[in-house]
Amino acid sequence: MLVLVAPGQGAQTPGFLTPWLDLPGATDRIAGWSDAIGLDLAHYGTKADADEIRDTAVAQPLLVAAGLLSAAALDASPNVVAGHSVGEITAAAFSGVIGDEAALRLVRTRGLAMAEAAAVTETGMAALLGGDPEVTIQHLEKLGLTPANVNGAGQIVAAGTAAQIAALADDKPEGVRRVVPLKVAGAFHTHHMAPAVERLREAAAALEISDPAVTYVSNADGRTVATGAEVISRLVGQVANPVRWDLCMETFKELGVTALIEACPGGTLTGLAKRALPGVQTLALKTPDDLDAARALIAEHAGA
C-alpha cells in the first residue's frame, strides 16, 4: 500500500524547481499556471533567492506547483494521499477533489491572505526536537505559544509572537534538545491567521469539487475523509488550527501503508516517516533523477 504525501512551507530552497523544468511539457505547464495566478513560478523556482521564496505569498503557490509537477511526471496511482499544511491543497489535487489550476488559484489566495495576516503582528515558528510531547505542549501553553505542528518522531513546531519565540529559546521544555527557528514568515496554524480563514472560505465557495478518488487523510486529526465538501471545509479551517501530522502517520500504520513517496521538494516528511514508521519504505522526490526509483517503488507497493 502506497501513500503519496506533499510537504508544507519551509521545504522550498533556491533553485529547486530548475531540473524539473527540463521534463517534457513542464515549462508550458508552469507558464500556464503562472498566467492563471499572476505569479512567475518559473522565476521564483529557479532564480529567486531564499528571502524571496520565504515570502508566504510566493512560497505556497511554488510548493503546490512543484508537487503537482513532480506527481504528473511520476504518473503515480497511490492508494492514500495526505499533505502537511499547504501540502493538503496539493493532496486535494492528487486525489481529484479539485483540478490542478483550481489548486493553484486556491493556494494563491491562501498565501496572500496569510501574508496579510502575518503582517499585523511580528510572529514566527520554531521546531522543538526531542522531549515528551505532553510535557512540551504544556510548557508551550504556559509561554502563550501554540503547538502549531505536532509532527511526531520527536518534533513539535511552536508558533507565536517574535517575543514568545525568543523566550522559548531561553526556556526550553524539559527534554527538548534543540529549538530551531523556521524560515517562515508568520505564526501559521494559530489564531494569528484567523483573518485569512474568511478569505479562503470565499475562494473555496467558487470551486468545482469531486469526492476523493483515493483515500484522503486529513492533517486536522489524521482521519480519512470521504467527501470533497469535507476536504475543502477542512482545508479552510486548517489555516488557523494545528497540523497533526503525528496522527496522519498513525493512520498510515492502521491502513497498512508499506511505502511512502514525498512529492517535490521532498525530504521533510520522509525524514519524519523514517523515524516514526519503521519498516515503511520511503522516497523523496528531490530531482527528476529520483523518478525511476519512485516508479519501482510504486510497482512494488501500489496495491488494489
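Up top you'll find the structure we're talking about.
None of the values given here were measured: they were computed from a predicted structure.

Engineer: Looking at this model, I keep getting lost on the overall build of the chain. Mind explaining?
Structural biologist: Scanning the chain from terminus to terminus reveals 13 helices and ten strands. Relative to the compact-globule value of 19 Å for 304 residues, the chain shows a C-alpha radius of gyration of 18 Å, a close match. Expressed as a percentage of contacts within the chain between residues at least 6 apart in sequence, the contacts between residues at least 24 apart total 74%. Counting only carbon and sulfur atoms, one obtains 50% of the accessible surface of the chain, whose full area is about 12400 Å².

Engineer: Can you help me understand the packing of helix H9 (residues 194–205) against helix H10 (residues 228–238) in this one?
Structural biologist: Relative orientation and spacing of two packed helices are given, respectively, by the angle between their axes and the distance between those axes. Two numbers describe how H9 lies on H10: the axes approach to 8 Å, and their chain directions differ by 155°. With respect to H10, the element H9 is oriented roughly antiparallel. As H9 runs across H10, the sense of the crossing is right-handed. For the pair H9 and H10, contact is made by Val 197, Leu 200, Arg 201 and Ala 204 and by Ile 232, Leu 235 and Val 236, respectively. A class-by-class count of the residues in the contact of H9 with H10 yields six nonpolar, no polar and one charged.

Engineer: Help me understand the pattern of salt bridges, please; the structure alone is not making it clear to me.
Structural biologist: As enumerated under the stated definition, the model contains nine salt bridges in all. The residue Arg 234 makes a salt bridge to Asp 221 at a minimum N-O spacing of 2.9 Å. Here Arg 234, found in helix H10, pairs with Asp 221, found in the loop between strand E7 (215–217) and strand E8 (224–225); they are 13 residues apart in sequence, far enough to count as distant. One salt-bridge network, held together by shared partners, links Asp 221, Arg 223, Glu 230 and Arg 234.

Engineer: Can you help me understand the packing of aromatic side chains in this one?
Structural biologist: Aromatic ring pairs: the centre-centre distance and the angle between the two ring planes describe each pair. Scanning the entire structure with this criterion turns up one aromatic pair. Aromatic side chains Trp 245 and Phe 252 sit 5.9 Å apart centroid to centroid with 80° between the ring planes, which places their arrangement in the edge-to-face category.

Engineer: Got a minute to help me understand the sheet that holds strand E2 (residues 80–83) in this structure?
Structural biologist: Across a sheet, paired strands are connected by hydrogen bonds in the backbone, their directions being either parallel or antiparallel. Ordered in space as E8-E7-E2-E1-E9-E10, the six strands form an open sheet in which the pairing is mixed. At either margin of the open sheet sits one strand with a lone partner, and together these are E8 and strand E10 (281–284). Bridge count for strand E1 (residues 2–6) against E2 is four bridges, and the pairing is parallel. Note on E2: the bridge partner recorded for Val 5 is Ala 82.

Engineer: Hey, could you run me through the pairing of E1 in this one?
Structural biologist: Successive side chains on a regular strand alternate, one facing one side of the sheet and the next facing the other. For E1, the tally of buried residues reaches five of five residues, placing the bulk of the element in the interior. In E1, alternate side chains face the same way, and those of Leu 2, Leu 4 and Ala 6 on one face and Val 3 and Val 5 on the other are all buried. The pairing of E1 with strand E9 (residues 259–262) spans four bridges and is parallel. Counted as the bridge partner of Leu 4 is Ile 261 from E9.

Engineer: Any chance you could explain unusual backbone geometry here in plain terms?
Structural biologist: A negative phi angle characterises most non-glycine residues, just as the trans form characterises most peptide bonds. The step from Cys 264 to Pro 265 runs through a cis peptide bond, and the omega angle for that step is -5°. By the secondary structure assignment, Pro 265 is in the loop between E9 and helix H12 (268–276). A positive phi angle, near 65°, is found at His 189, a position not held by glycine. Mapped onto the elements of the fold, His 189 is located in the loop between strand E6 (176–181) and H9.

Engineer: Is there a simple way to explain the nonpolar core in this structure?
Structural biologist: A general feature of soluble globular proteins is that nonpolar side chains tend to end up buried together. Residues Leu 41, Phe 94, Ile 98, Leu 104 and Ile 261 are the most contacted members of the largest nonpolar core, which totals 76 residues. Counting residues per element, this core draws most heavily on helix H4 (residues 56–74), at ten residues. Contacts of Ile 261, omitting those with residues within four sequence positions, involve Leu 2, Val 3, Leu 4, Val 5, Leu 74, Leu 283, Leu 285, Ala 294, Leu 297 and Ile 298. One finds Val 5, Val 80, Ala 82 and Met 249 within the second-largest nonpolar core, a separate group that totals 18 residues.

Engineer: Which parts of the structure should I look at to understand the sheet that holds strand E3 (residues 123–130)?
Structural biologist: Within the open sheet, the four strands sit side by side as E4-E5-E3-E6. Their pairing is antiparallel. In this open sheet, the two strands that pair with only one neighbour each are strand E4 (146–152) and E6. With direction set aside, neighbouring strand axes in the sheet form an average angle of 25°. Inspection of the sheet shows E3 paired to strand E5 (residues 155–161) by seven bridges, in the antiparallel sense. Across the sheet, residue Ala 126 finds its bridge partner in E5, namely Ala 158. Along the sheet, helix H7 (residues 133–142) makes contact with E3, E4, E5 and E6, crossing E5 at roughly 5°.

Engineer: It is not clear to me how the environment of Ala 31 should be interpreted in this structure. Could you clarify?
Structural biologist: Counting through the fold element by element, Ala 31 comes out in helix H1 (residues 26–37). Spatially, the C-alpha atoms of Ala 31 and Ala 42 are 7.3 Å apart, while their sequence positions differ by eleven residues.

What counts, and where the lines are drawn
- Residues numbered from 1 in each chain as written.
- Predicted model: local features only at pLDDT ≥ 70, side-chain atom pairs only at ≥ 80, totals over all residues.
- Heavy atoms only, no water.
- Helix = DSSP H or I, 4+ residues; strand = E, 2+ residues; numbered from the N terminus.
- Rg over C-alpha atoms; globule rule 2.2 N^0.38 Å.
- Contact = heavy atoms within 4.5 Å.
- Areas by Shrake-Rupley, 256 points an atom, 1.4 Å probe, with all protein chains shown as cover.
- Axes fitted to C-alpha atoms, helices over the stretch in contact; angles between N-to-C directions.
- Parallel < 35°, antiparallel > 145°, perpendicular 65-115°, else oblique.
- Left-handed = near helix turned anticlockwise from the far one by under 90°.
- Nonpolar A, V, L, I, M, F, W, Y, C, P; charged D, E, K, R; others polar.
- Salt bridge = Lys/Arg side-chain N within 4 Å of Asp/Glu carboxyl O.
- Phe/Tyr/Trp six-rings, centres within 6.5 Å; stacked < 30°, edge-to-face > 60°.
- Pairing = 2+ DSSP bridges.
- Buried < 20%, exposed > 50% of the residue type's maximum accessible area, 1.4 Å probe, protein only.
- Core = buried A, V, L, I, M, F, W, Y, C linked by side-chain atoms within 4.5 Å.

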